[in-house]
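Here is what each chain is made of, one letter per residue.
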Amino acid sequence: MRLTESDRDSALSVSLDSALEAGPSFPPGPSNGHNGVATKSNGFSVPYTNGTSNGVAHAEVDGVASERHGPSSISRVSLPGRTLYDDSYVDREEFVRLVIQSLRDVGYMESAATLEAESGYIMETPEVAEFRRCILDASWNSAELALMRLGVTEGEGLWEAKFLIAKQKYLEYLEAGKTTAALHVLRNELAPLNPELDHLHALSSLMMCSDPAELRHQVGWDGAGGTSRRRLLMDLQRYIPSSVMIPQRRFATLLEQARAYQQSRCLYHNVPLRNQTYSLYTDHMCDRDAFPRVTTAVLSVHEDEVWNLEWSHSGRYLATASKDKTAIIWRVELDRDPRFRVYSPEFTLRDHEYPVGCVSWSLDDSILLTASENRITLWNARTGSRVRTLEQHTEVVTALAWLPDGSGFISGGLDRRIILWDADGKMRDTWARTPIRVTDLMVTPDFTRLVAVGMYDVPSIPQGPAASQDAGGTSGAGAGAGTGAGAAGGASGGRVSETRIIIYDLATKQPESTIRLEGELTSVKISQDSQYALINRASELGPPAEIQLLDLSTEQVVRKYTGHSQAKHVIRSCFGGVEGNFVLSGSEDGNVYIWHRDTGALLEVLSGHGEGSVNSVAWNPVNERMFASCSDDRTVRIWEAPPAEALAAPAVEVDVREHADEQHELESGKGKGKGRWDAAGPSTAASSSGTSMGFGAGAGSSSSPDAESGYGIGSTTALF
C-alpha cells in the first residue's frame, strides 16, 4: 500500500526532533559498517545518506551523534522490482508493512514513520485507523459504517461482524446500568440479525444480573475498561481483508510459526519454551547428548518382577509395584547432581496378599493407590500407613486413575466394572456393566471423557467357565505386567477374539463411541491436550506389535510406533519430554524404546535391563531429562542425559535405528547383559541398607570398568 500525496505529507511531517514515545533518541547511524553508503538487500547497491535530503546528513562519529541541521525531511527510496530480493518470492510491500507494524508494536514510532516515508508504503489507510478508533472509543454507529468501507460486503461475514459489534454495545450498556438502552439494542439490533434462539435467550437473561461483577462473571468478559474492545477488534479482523487491515502482531505470528516448524523438525527437542536457547540468529536444533539415554541409578530392592511404576506430581517420589506383593515409595533428591543423587526407599508397603499391579498418586501426592488382585488400598504417602482397603471389584483391578481435579478416582477391572470413588475411598457412583473386560483406562485432562480399553465378548463365545478363564486365573497374574498372562488374560480355550476402545462421556457415563482394533490392547495414556490416546497393542496371534496414536476427535489412528516386541505380557507406554514430544515404551526383549511422537521415527533403543520384559516406563513430570523403567529383572532404572565426562571418553557409537528391526526379531534381546556398567549384576548398585545412589563417590563398589567415570552407561547403543 503506497503513500498518497496526503499520506506522504503526513509521514514526512514526523520530525526526527519530535519527542519520542519509545526507542532511541537519535536517528540511526550508518548501517552495516558503511559510512554513508548502504547496500540494499534486494541485490542493488544504492548509495544514500542515512535518510537525509538536500545534502544534509546526520553524521555519527565513534558512536556519538552530532547535532542535527536543517529540516528533518526523509528522501523516498525507489527500488526496482516488487520482491524483497532478486531471488525471493517475498513481496517487498508486504514485508515493509509488517516491519512498520512491528516497530509500532514495540514502541519505535519515529522509526516506523521514517520507514513509511522512505519506502513509500504505509501500514494502513486512514479508513482502517478510523475503524480502529471507532471500536476502541465505542463509537458504535460510526464503526458499522467504517466496517463497510473496509471491503466487508453484504453476506454472512457482514452479518456476523455486525452481531459482534452489537453484542459488545449491549454488554457495555448493561455494565453501565443503562438497561433501557441495552433493551433497545437487544430488540432492534441483535434480534433482527436472527441469531440462534438459545444465544438470544442467553443474552436477554443477562438483564437479570444484580451487578456488573455478576455480568462479567456470567459472560466471561472483562468489561469496557478491560481488554474486551481490543479482543473485539481481533475478532472483527477475520472479516476484513488482511491486505487492508494487517492482523495484529503478524510478524510475531510468523516468527512463532517458524519456531514451531523448527521444533517439529528437531527430533530430540526437549527444551521448554522458557529456555533461552531459542534465537533468531540460528535454526533451533537440540543436541542428542542432552537427551536422557544412560542409566544413572539402578534401584534393586524388590525381590521379584517389577510390573508398574509412576512418578508423583512433584517429581520427587517414585512409586513401584511388584510381583513380590509390595509397593515401594522412593524418595528422589532432584536438586542434587545426578552423580551424587540418592534414591532411598521411603516406605515399603507390604500389606498385600497378592502381587501389586497398579499404583496411582493423588493430585497433591498425599495418597497413593495400589491394586492387588480385586483389592484397592489407599495409603498415606507421607507416613506409609494404610488408610483403607476397598473390595467392591470381584475380579482383578487393572486400572486406577485420579480425576483431574483430585476430587476422586476411577477404577476398572476384568469384572467389567468401572467405579467412581471419592478421594477418601467412598464409592460415589458406578458405570453400567461394560461390554469389555477392562485392561486399562484414563480420564482426559479436560475432564470430559473416560477412555477404556479391554477385551470384548464376541457373541459366539459362550458365557460361563470358558469365558471366566480370561481373567488370567486366580493368582493375580492378570494384573501383572510381566507374568505372561496379562495381555490376553488367560488360557487360549476361552480366548476373546476382539478388543475394543470405549470412549465415555464423563458427565453422563454414556458411551460416545466404540472403536474396534486388532490385537490385544494392554494400556492407554492420554495427551495433555486431551486430543490423543496412546494405546499398546500386543501381537501374540494378530498383526505385529505396535503402539497406536488415536485422535479422539476423528477416532482415527494417526501414527503407529513399531520396532519393540510384545506378545504375551502387559507392556505400558507413555508420553514423555517437553510437550509430550516422545513416545516411550518397554518391550519383551528387555529394551526401552523411544520414538519421536510427530514423525514416528525410532530414536533410541536402550538396553541395560536383564532377562525378561521391561514392563512399564514413566517420564518425570518435573525434570524433562529423566525417566524410569521397570523390569522382570527385579530392578528399576533411572535414565538421564549422559554426563560430560562420559561423552569425552573414547567411544564407538552405534546407530540404533539401523538395527531396530534386528533387535525386534531376536528372542533373547540383542545386547542384554552386554556392555552394561554392572558387570557383577544389577544388585551391585544398591547399598546394604537398600539405598541406591547415583554412581558417584560413595555409591558402592562395582566391578565395571565404567565405574570410575561416576556413571553407569545403560546402553551399548547409546554411547558405545
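What this report covers is the structure whose coordinates are included nearby. (Residues numbered from 1 in each chain as written. Predicted model: local features only at pLDDT ≥ 70, side-chain atom pairs only at ≥ 80, totals over all residues. Heavy atoms only, no water.)

**A closer look at the overall build of the chain**
- Regarding its fold elements, the chain presents 14 helices and 33 strands.
- Taking contacts inside the chain between residues at least 6 apart in sequence as the whole, the part at least 24 apart equals 56%.
- Entry remark: accessible area of the chain is about 32700 Å², with carbon and sulfur atoms responsible for 50%. (Helix = DSSP H or I, 4+ residues; strand = E, 2+ residues; numbered from the N terminus. Contact = heavy atoms within 4.5 Å. Areas by Shrake-Rupley, 256 points an atom, 1.4 Å probe, with all protein chains shown as cover.)

**Here's the deal with the packing of helix α4 (residues 126–136) against helix α5 (residues 140–149)**
- Their axes nearest at 8 Å, the elements α4 and α5 cross at an angle of 150 degrees. Judged by the angle between their axes, α4 and α5 are roughly antiparallel. Our pair here, α4 against α5, has a crossing hand that is left-handed. Residues Glu130, Phe131, Cys134 and Ile135 of α4 form the contact with α5, whose participating residues are Trp140, Ser142, Ala143, Ala146, Leu147 and Arg149.
- When the residues that make up the contact of α4 with α5 are grouped by side-chain class, the tally is seven nonpolar, one polar and two charged. (Axes fitted to C-alpha atoms, helices over the stretch in contact; angles between N-to-C directions. Parallel < 35°, antiparallel > 145°, perpendicular 65-115°, else oblique. Left-handed = near helix turned anticlockwise from the far one by under 90°. Nonpolar A, V, L, I, M, F, W, Y, C, P; charged D, E, K, R; others polar.)

**Focus: the sheet that holds strand β31 (residues 626–631)**
- One open sheet holds the four strands; their spatial order is β5-β32-β31-β30, and the pairing between them is antiparallel. At either margin of the open sheet sits one strand with a lone partner, and together these are β5 (294–299) and β30 (614–619). Within the sheet, the average angular offset between the axes of one strand and its neighbour, ignoring direction, is 25 degrees.
- Relative to β31, β30 runs antiparallel, the two sharing five bridges. Bridging across to β31, Val617 finds its partner in Ser629. (Pairing = 2+ DSSP bridges.)

**Some thoughts on the pairing of strand β10 (residues 356–361)**
- Across the six residues that make up β10, a large majority, six, are buried.
- By the bridge criterion, five bridges tie β10 to strand β11 (residues 367–372) in an arrangement that is antiparallel. Residue Cys358 lies in a different strand from β11, and its bridge partner there is Ala371.
- Hairpin connection of β10 to β11: five residues between the antiparallel strands, including Asp365 at a positive phi of 65 degrees. (Buried < 20%, exposed > 50% of the residue type's maximum accessible area, 1.4 Å probe, protein only.)

**Some words on the pattern of salt bridges**
- Counting across every chain of the model gives 25 salt bridges.
- With a shortest N-O distance of 3.2 Å, Arg104 and Glu116 are connected by a salt bridge. With a gap of twelve residues between them, Arg104 in helix α2 (residues 92–106) and Glu116 in helix α3 (residues 109–119) connect regions that are remote in the sequence.
- A salt bridge links Lys509 to Asp429; its shortest N-O distance comes to 3.0 Å. Note that Lys509 is positioned in the loop between β20 (498–505) and β21 (511–517) and Asp429 in strand β17 (residues 427–430), a separation of 80 residues in sequence.
- Judged by relative accessible area, Asp429 falls into the partly exposed class, the value being 31%.
- Through salt bridges with shared partners, a single network forms among Arg331, Glu333, Arg336 and Glu346. (Salt bridge = Lys/Arg side-chain N within 4 Å of Asp/Glu carboxyl O.)

**Overview of the sheet that holds strand β19 (residues 449–456)**
- Read across the open sheet, the four strands follow the order β18-β19-β20-β21; overall the sheet is antiparallel. The open sheet has two free edges, formed respectively by β18 (436–443) and β21, since each of these has just one partner strand. Averaged over all neighbouring strand pairs, the angle between strand axes comes to 20 degrees, with direction disregarded.
- Looking at chain direction, β20 and β21 are connected through six bridges and run antiparallel. Bridge pairing links Ile501 to Ile515 in β21.

**Notes on the nonpolar core**
- In terms of nonpolar packing, the biggest core is built from 19 residues, with Phe131, Ile135, Leu147, Leu236 and Ile240 touching the most fellow members.
- Only α4, α5, α6 (156–175) and α10 (228–236) provide two or more residues apiece to this core.
- Among residues more than four places away in sequence, those in contact with Leu147 are Phe131, Val152, Leu158, Ala161, Ile165 and Ile240. (Core = buried A, V, L, I, M, F, W, Y, C linked by side-chain atoms within 4.5 Å.)

**A word on unusual backbone geometry**
- At Ala138, a position not held by glycine, the phi torsion is positive, near 60 degrees.
- One can find Ala138 in the loop between α4 and α5.
- On the accessibility criterion, Ala138 (22% relative accessible area) is partly exposed.

**Description of the environment of Ile135**
- Inspection of the secondary structure assignment puts Ile135 in helix α4.
- Ile135 gets classed as buried once you look at its relative accessible area, which sits at 0%.
- In this structure, the C-alpha to C-alpha distance between Ile135 and Arg230, residues 95 residues apart in sequence, is 8.0 Å.
- Apart from the residues lying within four places of it in its own chain, the contact partners of Ile135 are Trp140, Ala143, Ile165, Arg229, Leu232, Leu233 and Leu236.

**With respect to the packing of α2 against α3**
- At their nearest, the axes of α2 and α3 sit 7 Å apart, and the two run at 160 degrees to each other. Relative to α3, the element α2 is oriented roughly antiparallel. Seen along the crossing, α2 lies across α3 with a hand that is left-handed. Side by side, α2 and α3 meet where Val96, Val99, Ile100, Leu103 and Arg104 of the first sit next to Met109, Ser111, Ala112, Leu115, Glu116 and Ser119 of the second.

**Examining the packing of aromatic side chains**
- Applying the stated criterion to the full structure yields 14 aromatic pairs.
- Centroid distance Tyr268 to Phe291: 5.2 Å. Interplanar angle 80 degrees. Geometry classified as edge-to-face. Remark: Phe291 occurs in the loop between α11 (250–265) and β5 and Tyr268 occurs in the loop between α11 and β5; sequence separation between them is 23 residues.
- What makes Phe291 buried here is its relative accessible area of 0%.
- Centre to centre, the rings of Tyr317 and Trp361 are 6.4 Å apart; their planes meet at 40 degrees, and the pair counts as tilted. Highlighted residues: Tyr317 in strand β7 (residues 317–322) and Trp361 in strand β10, separated in sequence by 44 residues.
- Three or more aromatic residues joined by ring pairs make a cluster, and in this case those are Tyr268, Phe291, Phe582, Trp619, Phe627 and Trp639.
- Positioned above the aromatic ring of Tyr456 is the side chain of Arg500, whose terminal nitrogen or guanidinium carbon lies 3.8 Å from the ring centre.
- The ring of Trp431 is capped by Lys509, whose NZ or CZ atom sits 5.4 Å from the centre of that ring. (Phe/Tyr/Trp six-rings, centres within 6.5 Å; stacked < 30°, edge-to-face > 60°. Lys NZ or Arg CZ within 6 Å of the ring centre and 35° of its normal.)

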